[in-house]
Amino acid sequence: MAVSRGGPHRDGGPAGPGSAGPVTAGGERRTRGWQDNLREYALDVRAGVRDGERGPLLVIAGLIVIWIVFQGLDDKFLSPRNLSNLSVDIVGTGLVAVGIVFVLLIREIDLSVGSVSGLAGAAFAVLNVNHGVPEWLAVAVAVAVGTAVGAFHGVFHAWLGVPAFVVTLAGLLIWNGLTLYLLGASGTINIDEEGLVASLTSHHFGDDLAAYAVAALGTAGYVLAARRRRSRHRAAGMPYRSEGEIWLRTGLLAVVAFAAAVTLNRFQGLPLALLIFLVVLVVSDYVLRRTRYGRRVYALGGGVEAARRAGIGVERVRVAMFMVSGTLAAVGGLFVASGLTSASPTTARAAGSGMLLINAIAAAVIGGTSLFGGRGSPWSVLLGVVVIQSIASGMGLLGVQDAVQFMITGGVLLAAVAADALSRRAQARRGRP
């Protein structure tokens, strides 16, 4: 870990990043300028990449390359329309991937999320369209179905000792079959294009102020949280970020956030789907990083026996994580149904057979969540799902065959998992968990 976050200073003096600079030839300390902070941050980044700790930076670099390549092949790729559509398309898969993160953090896997998302969409359509149940109630039932399915998986795994891989693989088949049974003779069910669920992906906030307000709130929230974390770590004698690094990160975030706001406003404004996705990411990150329950999740991912000896109810945490996964899979399924404005056997088979599942796992792993547990965050999904959907969008514009898209997506997933394994091996060589 770089000395800019705490530890002894480079010259052997006391730690104090951002407060005092190097010693001059005359023995006086000069104030640290932005050049010093930038140089120190660059050294920290280089060390982090070498140690396998800066995966997100590599993902961002890869994303930039992807965008440059596709823009060179088709100048519509970075158009406001396509980027706005991209920001909506990531939401269904992204929500499912957030649920996957919760399960991966405890060193488990949920292979049923694609089928659960299809089941939720079918349950909503059947209740609302075929039986006249009000939309809000049909939505609540569909989400509750996802939660119940997650609890079912969790109980079999945590209390009966059945491996999660087996439980959720069986669930993949069971829930996909139940979805096809519900749709049955009616086949495709079209949902109301003006209704609540359809508006999840069709509604945009046309006022430019909405997108700018979200960008400003996100930037302000980051800097306040970062400074608060710095103060707590400094008071506890723990490593902490320098003021320069915090403001540099804030500046970069502000540039990205406001550039996104400008782009969205050039088309139809801020999509409701994107706003909901960002809220889910914020809440999920807060639960995992700022609550006692979240610390128990990371502790369980670090080692089951150690967590048990620390008094953590391992079984209860496992059941809860599968419930979160099932719930978010159901919510993601409603967004998928919203984008299609229908539920059909074809989409149910596609979700259950693997593409939604693979994309969700790929989004989580590409963003930096480890398949080996204990490392990752919901925000990692944002990067990963943008990479996955950017590839799909670019290849769609170019008219690339589905077979080629499958191979490329699989290759990206394999590369992400290999990078995760190499990162773990590098940290093990340095004596780190």
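Draft legend 1. Here's a closer look at the overall build of the protein chain. When its secondary structure is counted, the protein chain shows 17 helices and 4 strands. Taken across its 433 residues, the protein chain has 47% of its residues classed as buried. With the model as given, the accessible surface of the protein chain reaches about 20,500 Å², and the carbon-plus-sulfur share is 65%.

Draft legend 2. The arrangement of helix H9 (residues 243–265) in detail. In this model H9 runs 32 Å from its N-terminal to its C-terminal C-alpha over 23 residues, within 8% of the 33 Å that 1.5 Å per residue would give. Among all positions of H9, only Gly244, Glu245, Ile246, Thr250, Ala254, Ala257, Ala261, Leu264 and Asn265 are buried.

Draft legend 3. Geometry of a positive patch on the surface. Residues Arg292, Arg295, Arg296 and Arg316 make up a contiguous surface patch of positive charge. Top element by residues in the positive patch is helix H11 (residues 292–302). It accounts for 3 residues. Assignment of secondary structure puts Arg316 in helix H13 (residues 314–340). Its relative accessible area of 59% is what places Arg316 among the exposed residues.

Draft legend 4. The arrangement of a nonpolar patch on the surface in detail. Residues Val65, Val69, Leu73, Leu397 and Leu398 make up a contiguous nonpolar surface patch of about 410 Å² in total accessible area. The set of elements that each furnish at least two residues to the nonpolar patch consists of helix H2 (55–73) and helix H16 (379–398). A per-element tally of the nonpolar patch places H2 first, with 3 residues.

Draft legend 5. Seen up close, the nonpolar core. Judged by nonpolar contacts, the single largest core of 87 residues is most densely connected at Ile90, Phe124 and Phe277. Counting residues per element, this core draws most heavily on helix H3 (residues 80–105), which supplies 14 residues. Not counting residues within four places of it along the chain, the set of residues in contact with Ile90 comprises Leu274, Phe277, Leu382, Val385, Val386 and Gln389.

Draft legend 6. Layout of the pattern of salt bridges. Under the criterion given, the structure shown has 6 salt bridges. Arg308 is the salt-bridge partner of Glu315, the closest N and O atoms lying 3.1 Å from each other. Through salt bridges with shared partners, a single network forms among Arg227, Arg230 and Glu243.

Draft legend 7. Geometry of the packing of aromatic side chains. The final tally for this structure, using the stated rule, is 5 aromatic pairs. An angle of 50° between the planes, with centres 4.8 Å apart, marks the rings of Phe152 and Phe156 as tilted. Taken together, the residues span about one helical turn, with Phe152 and Phe156 both in helix H5 (residues 135–158) at a distance of 4 residues. Taking relative accessible area as the criterion, Phe152 reaches 37% and is therefore assigned partly exposed.

Draft legend 8. Molecular detail of the side chain of Ser84. Positionally, Ser84 belongs in helix H3. Beyond its immediate sequence surroundings of up to four residues, Ser84 is in contact with His204, Leu264, Phe267 and Pro271.

Draft legend 9. Geometry of the environment of Gln405. Mapping Gln405 onto the fold places it in helix H17 (residues 402–429). The exposure class assigned to Gln405 is buried, which follows from its relative accessible area of 16%.

Draft legend 10. Examining the packing of helix H10 (residues 272–290) against H16 more closely. Interhelical geometry of H10 versus H16 gives an angle of 140° and a closest axis separation of 8 Å. Here Phe277, Leu278, Leu281, Val282 and Asp285 of H10 come into contact with H16, specifically with Trp379, Val381, Leu382 and Val385. Classifying every residue of the contact of H10 with H16 by side-chain character gives 8 nonpolar, no polar and 1 charged.

Draft legend 11. Summary view of the packing of H3 against helix H15 (residues 355–367). Contact pair H3 / H15: the axes reach a minimum separation of 8 Å and the direction vectors enclose 65°. The two elements H3 and H15 meet at a crossing, and its hand is right-handed. Together, Thr93, Val96, Ala97, Ile100, Val101 and Leu104 of H3 and Leu356, Asn359, Ala360, Ile361, Ala363, Ala364 and Val365 of H15 make up the contact between the two elements.

Draft legend 12. Here's a closer look at the confidence of the model for the protein chain. Averaged over every residue, the pLDDT of the protein chain is 84; residues scoring 70 or more account for 83%. With pLDDT under 50 throughout, residues 1–30 is counted as low confidence; its partners more than four residues away or in other chains account for 57 contacts.

Reading guide: rules and limits
Residues numbered from 1 in each chain as written. Predicted model: local features only at pLDDT ≥ 70, side-chain atom pairs only at ≥ 80, totals over all residues. Heavy atoms only, no water. Helix = DSSP H or I, 4+ residues; strand = E, 2+ residues; numbered from the N terminus. Buried < 20%, exposed > 50% of the residue type's maximum accessible area, 1.4 Å probe, protein only. Areas by Shrake-Rupley, 256 points an atom, 1.4 Å probe, with all protein chains shown as cover. Expected span 1.5 Å × (residues − 1). Patch = residues over 30% accessible without salt bridge, like charges linked within 9 Å, V, L, I, M, F, W, Y side chains within 5 Å. Salt bridge = Lys/Arg side-chain N within 4 Å of Asp/Glu carboxyl O. Lys, Arg positive; Asp, Glu negative; His and termini not counted. Charge placed at Lys NZ, Arg CZ, Asp CG, Glu CD. Core = buried A, V, L, I, M, F, W, Y, C linked by side-chain atoms within 4.5 Å. Contact = heavy atoms within 4.5 Å. Phe/Tyr/Trp six-rings, centres within 6.5 Å; stacked < 30°, edge-to-face > 60°. Axes fitted to C-alpha atoms, helices over the stretch in contact; angles between N-to-C directions. Nonpolar A, V, L, I, M, F, W, Y, C, P; charged D, E, K, R; others polar. Left-handed = near helix turned anticlockwise from the far one by under 90°. pLDDT = per-residue confidence, 0-100.

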